[in-house]
Each structure stands twice: as C-alpha cells, then as structure tokens.
Amino acid sequence: MSHLLTDTGIIFGRYLRQTLRSRLALTFGIIQPMLFLIFFGPLLERVDLGGDGSAWQVLIPGLLIQLGLFSSAFAGISILVEKQYGVIERMRVTPVSRLALLLGRVLRDVVQLLVQSLILVLTGVAFGLRAPVLGIVMGFAFVAVVAMSLASLSYALAMRVDSPQAFSPVVNAVNLPVMLLSGLLLPMALAPGWLDALSHFIPLRYIVEAVRAGFVGDYTGGTVILGAGMAAALAVVSMTLGARLFRRAGA
Amino acid sequence: MPPLTPATPAIPVTPAVPTPPAIRTSGLTRSFPATSGTVEAVRGIDLTVTRGEILGFLGPNGAGKTTTLRMLTTLLAPTGGSATVAGCELAHDPEGVRRKIGYVAQSGGVDPHVTVWEELTTQARLYRLSRAEAAARTRELAAELDLGDLLERKCAALSGGQRRRLDIAMGLAHRPEILFLDEPTTGLDPGSRADLWELVRRLRSERGMTVFLTTHYLDEAEALADRLVIVDKGRIVAQGTAEALKSAYGGSPGATLQDAFIAATGHGAETDTSDASAAATPIAV
C-alpha cells in the first residue's frame, strides 16, 4: 500500500510538471467552455429554463461537466504519444505499481481540471453568476469524480489501441451523444418526452442535475442524492475497468 | 553445523556449488491470435544464460527475437513454457524480475521534452530509491556514462550517441543483475558504436553483469558476445561461440559468421541470396 502511494506520488509529480511545461495546452483546454460562456450564455438570460435560479446557475454547471467530459475523455492521447517515445514500456519494466501508473496520471488530470473549473466559475461570476460557495465546491467534487472515471477509461482505451486515428473516432462517437443527451447546455426539462426518456439512460444527466441543484443551494434533495449515487457507480465501474485494462495491456 | 554463508567463507567448499543461471527458459512459447487461426511467434525456446555472460541473440526479422525479449522482460506474458530470470519465476514473480533486470529498448524510452536529470532521477525513484539516493545515483551514472555536462539539457537536444548513453544509464539506474539490450547500436555512428561496445565490456568485467543482447550486426555479435544463439521462425536453430558456429555451419575454414548465419537459418536458400550475401553488415535477410 505504501508503495502504491509513493509510486502514485512519483507519477503524479512527473505529469504535473509536464502540464506546467505546457501552459498553452492548459489554456486551450478551457477555451471551448469559455466560448460557450461568453457567446452562448447571454442568449439564455431572458429565456425561461424551467428551473430555479438564473440562466448562469443552469449553464455553468453544464459547462463544468462538459469541460470534464471532453478533457478527460481525450486524456489518453498523451499515452499514445508516450508509447511512441517508448516511455510506457520503459516504465512497465520497472517495479512501479501498475495501478500507480494510472492513478498518478488521473490525479494530475483532476488537479488540472479543478484549476480550469475555478477559472470558469470566476469568469462566470464576472458575467453575473451568483451561487453559494458550498454548492460550487460540491460541483467541483462532482467534476473531479467525472474526470477520474472518464480519464481512467480513456487511458485504458489508449493502452489498447495503437494510434490517434484509432483512438479519436471512438471517443468522439461516445462524447457527442453523451453531451447532447445529458442536457449539459440546456436542461432536459425542456425536452420532448422521447428525448427526456432517452436521456435517462445517460449517467451524466443525473450528475449535471445534481450540480445544478447545488448551485441553487439544494444540498440534500433527491436530485443530489441520485447524482451522487450515479457518480459513485460511474467511478467504481470505470476505475475497476480502467485499472484492469491498464494492468493487462500488452500481456 | 550452521550452513556457510557467503560472508564467512571459512572453509573452501569443493566442488564449488554451481551458481544458478541468470536466465533459464524451458519450452518458452508465445502465440498471437490472428484472423486465420493463431500465429506462433516463439515455439518452445530452451535457453540457459550463465551469470556474467554476454549473450548475443540473433535472427532474421520476424524470427521471434523481440517477442522472446519482451517475455523475458515481463512486457509480454508467455502462452506456454516457463522461465526463471535472475532467480525469479517469470510467471509468478514478475515484480521480482523487474527489480533485478534493466531493459534498454531499441527506440530508447525517454520523453524528448524532459531534461536528462529529471528522466534519470524519476527512473531511479521508480526503482524505489529515495529522493536523495536517486539524486546521488543520477550523478554517479552521469559521471560513469559521460553525461555530466548534459544533465540540464532536454533529451531532444542530445546527439544519437549521447541519447544512447542516456538510455543505457536509465537501464542501469538500480544496478541490475541482468541488462537486456535490444539492438543497442542501430543508427549510431562508428565512434559511438565503439564507445558502446567498450561500455558493455566494462559492465561485465567490472560488475560481472549478465548482458542479453539482440542485434542485427554480426560483427557486433562476434566482437561482444561470449556465445551466440540464432533463432529462426520462433525456434533456436544454432548456438555456440562464434568460432564454433563458423566451423559447424560455415562449411569451409575461411567461413565467416555470416556464412554460418545463412546456413543455420536457411535464408540463403529461401530469400534473395544475392541480397543476403552481398550485404556486409548489417545483414539484410
């Protein structure tokens, strides 16, 4: 266990330094949600979104989860690059814990995402977002769990495929429908019955609704509990699957 | 009477207890699923490498060299047979194997955007050295492998020879018992190549290290290795010293290792012989 923690720390440190070296990538990662915030958010200000709170309290939770979805789902790209350099094999020949190779990377992704999320929320405040601090912190916790889950799956997929050409289409094929069916941009309460029914099969729907509830100060209602349950289930399934595939890859 | 320990050799033991081999494989096999059944890349390799030996592992492309190497270094699970590497059973104690071996892949294994210092210290840390030990070991390796002035450079800024020395330093971070080198001099200029040969010889003479070397260059194999193992189509087709192979397979007193190689693998008959025999080194079969 102590090896796992030390090894995870070493791997986390290595990839955190990598992130700090590539501030440009960090900035570009947050551009897409910023564009939605700046150019799409104002359109919603006068629209009745059917829930409690302002348009910002609906949109920004969605953008947080969207940021988590897209940056984490593509996290595996870095593994493909490292495979070409031979870094992955070099590390797999050392006694380092296989789980730490995954956890160290995932932890870096979570930290990176939380920094981006903070920037997004602060920009939202400048635009007019007003939400309780506890609710925002709760939202960050949901974002962290989504990131852990999706990044694990993404790394596991990257260990199984050989090229970005094989990796990106799979991720895109999953991400876009998930984004549209989770009600990230507009709440599913506005959807016709069939679309609403379909979206109930997407775990992220429950998570984004829980974050929205937190942003209007509801911390203990059924929406939050359901969202937390979904997030926990997603994390357990994804991390188990991710760890297993990561451990076995190449064997 | 208490058993003798190496620390108190009061009475010479005769006959000497033979030391266990560095590597021993028995029927080592690996097949891969393919669209038309399975492909058997390695078909039952029985191999013994003694401690302190430099073994040259040769074979044409696709012979199973890399697959064997990947199994022995725990990167690939065998589908049959067994192997003991540095005293640890491959199937049951891959972590034990990893602690005792160093592996230098053909393409190296460093991130070009990272400094030499960071790569070496991280590598040492992955072998569970403390932060201070990792820093000390990095300085030691840099001095030994002539990387002292390059520690703050990014790996991308190194020349081919410097990069290769770094790759080997990475493989030596934890003072392994066995060093696996996969095509170590491919792409190096003659000077860097000679330096690398010298380094491999030093590792063995000064530290008694066992070296398992795959190469395409027959002159390299002949100059460095104590013994050669030639594989073809997943099987060992010949083994012995370069001299023994030349006299057994070469056919004439002046036979070269290349003559023996072609005779042993049969590739002189199967492929374009003019290519194979016209090529000096590396051989292209």
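Identification of chain B as ATP-binding cassette domain-containing protein from Streptomyces gossypii is taken from an unreviewed UniProt entry. Word for word, the UniProt comment on chain B under Sequence similarities (unreviewed entry) is "Belongs to the ABC transporter superfamily." Turning to chain B, the UniProt annotation filed under Subcellular location (unreviewed entry) states: "Cell membrane".

Chain A appears in an unreviewed UniProt entry as Transport permease protein from Streptomyces gossypii. According to the UniProt record, the Sequence similarities (unreviewed entry) comment for chain A reads "Belongs to the ABC-2 integral membrane protein family."

1. So, the overall build of chain A
Looking only at helices and strands, chain A features 11 helices and zero strands. The secondary structure elements of chain A, listed N-terminal to C-terminal, are α-α-α-α-α-α-α-α-α-α-α. In summary, chain A has a C-alpha radius of gyration of 18 Å against a globular reference of 18 Å for 251 residues, a match within 12%. Expressed along its principal axes, the backbone C-alpha trace of chain A runs to roughly 60 × 35 × 35 Å. With 251 residues in all, chain A has 46% of them scored as buried. Considering only contacts in chain A between residues 6 or more positions apart, those separated by 24 or more positions represent 81%.

2. Some thoughts on the packing of helix H3 (residues 55–73) of chain A against helix H8 (residues 164–181) of chain A
Residue and element names in this part refer to chain A. It is the contact of H3 with H8, at a shortest axis distance of 11 Å, that shows an interaxial angle of 175°. The angle between the axes of H3 and H8 places the two elements in the roughly antiparallel class. On the side of H3, the interface is formed by Gln 66, Leu 69, Phe 70 and Ala 73, while H8 contributes Val 171, Asn 175, Val 178 and Met 179. The class makeup of the residues in the contact of H3 with H8 is six nonpolar, two polar and no charged.

3. Observations regarding H3 of chain A
The end-to-end C-alpha separation of H3 of chain A is 27 Å, in line with the 27 Å expected for 19 residues at 1.5 Å each. With 18 of 19 residues buried, H3 of chain A is to be regarded as a mostly interior element.

4. Concerning the sheet that holds strand E3 (residues 54–58) of chain B
Residue and element names in this part refer to chain B. Pairing is mixed in the open sheet, where six strands are placed in the order E6-E7-E8-E3-E9-E10. Two strands bound the open sheet, and with one partner strand each, they are strand E6 (101–104) and strand E10 (235–240). Adjacent strand axes in the sheet meet at a mean angle of 15° when their direction is disregarded. With five bridges connecting them, strand E9 (residues 227–232) and E10 associate as antiparallel partners. Across the sheet, the residue bridging to Val 229 is Gln 239, located in E10. Together, E6 and strand E7 (178–182) form the strand contacts of helix H5 (residues 160–172), whose direction differs from that of E6 by roughly 160°. Across the sheet, helix H9 (residues 257–265) lies against E3, E9 and E10, angled at about 40° from E9, the strand it touches most.

5. A closer look at the sheet that holds strand E2 (residues 37–49) of chain B
Residue and element names in this part refer to chain B. On the basis of which strands lie adjacent, the open sheet formed by four strands has the order E2-E1-E4-E5 and antiparallel pairing. Both outer strands of the open sheet, E2 and strand E5 (88–89), are each paired with one neighbouring strand and no more. Inspection of the sheet shows strand E1 (residues 23–34) paired to strand E4 (residues 80–85) by five bridges, in the antiparallel sense. Bridge assignment links Arg 24 to a residue of E4, and that residue is Thr 84.

6. Describing unusual backbone geometry
Peptide bonds are trans in most cases, and residues, glycine excluded, mostly fall at negative phi. Residues and elements named next belong to chain B. Despite not being glycine, Arg 128 shows a phi value in the positive range, around 70°. We note that Arg 175 has phi near 50°; this positive angle belongs to a residue other than glycine. Overall, the presence of 13 C-beta atoms within 10 Å leaves Arg 175 in the partly exposed class.

7. Quick look at the interface of chain B and chain A
Listed as interface residues are 23 residues of chain B and, on the opposing side, 17 residues of chain A. For the side of chain B that touches chain A, the class distribution of residues is 10 nonpolar, seven polar and six charged.

8. Things to note about the packing of helix H7 (residues 133–160) of chain A against helix H11 (residues 222–248) of chain A
Residue and element names in this part refer to chain A. Contact geometry for H7 and H11: axes closest at 8 Å, N-to-C directions at 25°. Relative to H11, H7 is oriented roughly parallel. In terms of crossing hand, the pair formed by H7 and H11 is left-handed. For the pair H7 and H11, the contacting residues are Phe 142, Val 145, Val 146, Met 148, Ser 149, Leu 150, Ser 152, Leu 153, Tyr 155, Ala 156, Met 159 and Arg 160 in the first and Gly 227, Ala 231, Leu 234, Ala 235, Ser 238, Met 239, Leu 241, Gly 242, Leu 245 and Phe 246 in the second.

9. Digging into the confidence of the model for chain B
Residue and element names in this part refer to chain B. Predicted confidence across chain B gives a mean pLDDT of 86, with 87% of residues reaching 70 or more. In the model, residues 1–10 has pLDDT below 50 throughout and makes three contacts with residues more than four positions away in sequence or in other chains. Below a pLDDT of 50 lies the segment residues 268–285, which in the model reaches 26 contacts outside its immediate sequence neighbourhood of four places, other chains included. Under the prediction, the complex receives an ipTM of 0.86, its pTM being 0.87.

10. Concerning the pairing of E3 of chain B
Residues and elements named next belong to chain B. Among the five residues that make up E3, five are buried, leaving the element largely enclosed by the rest of the structure. Taking every second residue as pointing to the same face, both faces of E3 are buried, with Ile 54, Gly 56 and Leu 58 on one and Leu 55 and Phe 57 on the other. Alignment of E3 against strand E8 (residues 210–214), held across four bridges, turns out to be parallel. Residue pairing for E8: Leu 55 is matched across the bridge by Phe 212. For E3 and E9, the ladder comprises four bridges, and the chain directions are parallel. Bridged to Phe 57 within E9 is Val 229.

Rules used in this analysis
- Residues numbered from 1 in each chain as written.
- Chains lettered and ligands numbered in written order.
- Predicted model: local features only at pLDDT ≥ 70, side-chain atom pairs only at ≥ 80, totals over all residues.
- UniProt positions renumbered as here; feature names shortened; annotations may be inferred.
- Helix = DSSP H or I, 4+ residues; strand = E, 2+ residues; numbered from the N terminus.
- Rg over C-alpha atoms; globule rule 2.2 N^0.38 Å.
- Buried ≥ 20, exposed ≤ 12 C-beta atoms within 10 Å, placed from the backbone.
- Contact = placed C-beta atoms within 7 Å.
- Axes fitted to C-alpha atoms, helices over the stretch in contact; angles between N-to-C directions.
- Parallel < 35°, antiparallel > 145°, perpendicular 65-115°, else oblique.
- Nonpolar A, V, L, I, M, F, W, Y, C, P; charged D, E, K, R; others polar.
- Expected span 1.5 Å × (residues − 1).
- Pairing = 2+ DSSP bridges.
- Left-handed = near helix turned anticlockwise from the far one by under 90°.
- pLDDT = per-residue confidence, 0-100.

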